[in-house]
Amino acid sequence: MEINNNSQLSSIYQSSKNQGVDTTLSNLLSNNDRAADKVTLSQAGLDAETKLQEIASQYDTTNMSYNELTHMSSELQLNGLITPQEGLAMRAPPSRDFDADEKYDVLALARKSVEFDQSIGTVQNKDAKLRANVLMF
């Protein structure tokens, strides 16, 4: 299997997580039954991971403004690290009347949204899946 971008990696991780598969590197390496399995990261996949880390290092998602969030999601989208739909989901306003320069915990708000989806049983809903995908970044 060749992984060319972060979306593929996220999809594989999410799929295995949903199936109850332990995806930790130590578990994968210690499992002799999978010794013949091989994952190859292409240069494009490695570049995507590097770019993702570069963008992530510029922001503190626990203390950022909506303007910063918009900039970050645009960078991720322009670099092909998230889909346009995920970009829109990331840019959901924190409240009806908000100050775009006021800092808040974007990560905690995203977790609350996903937890709410889980509490009402809508995790398979298209929008709920987007919110869960966004939380992975």
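Residues numbered from 1 in each chain as written. Predicted model: local features only at pLDDT ≥ 70, side-chain atom pairs only at ≥ 80, totals over all residues. Heavy atoms only, no water.

### Looking at helix H4 (residues 66-78)
Next up, step 1: Helix length check: H4 (13 residues) gives 18 Å between terminal C-alpha atoms against 18 Å at 1.5 Å per residue, within 8%.
Next up, step 2: Restricting attention to buried positions, one finds in H4 the residues Tyr66, Leu69, Met72, Ser73, Glu75 and Leu76.
Next up, step 3: Contacts made by the buried residues of H4 are with helix H3 (43-56), strand E3 (64-65), helix H5 (84-90), strand E4 (103-104) and helix H6 (106-119). (Helix = DSSP H or I, 4+ residues; strand = E, 2+ residues; numbered from the N terminus. Expected span 1.5 Å × (residues − 1). Buried < 20%, exposed > 50% of the residue type's maximum accessible area, 1.4 Å probe, protein only. Contact = heavy atoms within 4.5 Å.)

### Here we look at the nonpolar core
Next up, step 1: In terms of nonpolar packing, the biggest core is built from 15 residues, with Ile55, Met64, Leu69, Met72, Leu76, Leu81 and Met90 touching the most fellow members.
Next up, step 2: Contributing elements (two or more residues each) for this core: H3 and H4.
Next up, step 3: With four residues, the single largest contributor to this core is H4. (Core = buried A, V, L, I, M, F, W, Y, C linked by side-chain atoms within 4.5 Å.)

### Concerning the packing of H6 against helix H7 (residues 126-135)
Next up, step 1: Between H6 and H7, whose axes approach to 9 Å, the crossing angle comes to 145°. Seen along the crossing, H6 lies across H7 with a hand that is left-handed. Together, Leu107, Ala110, Arg111, Ser113, Val114 and Asp117 of H6 and Ala128, Arg131, Ala132 and Leu135 of H7 make up the contact between the two elements.
Next up, step 2: Taken together, the residues that form the contact of H6 with H7 break down as six nonpolar, one polar and three charged. (Axes fitted to C-alpha atoms, helices over the stretch in contact; angles between N-to-C directions. Left-handed = near helix turned anticlockwise from the far one by under 90°. Nonpolar A, V, L, I, M, F, W, Y, C, P; charged D, E, K, R; others polar.)

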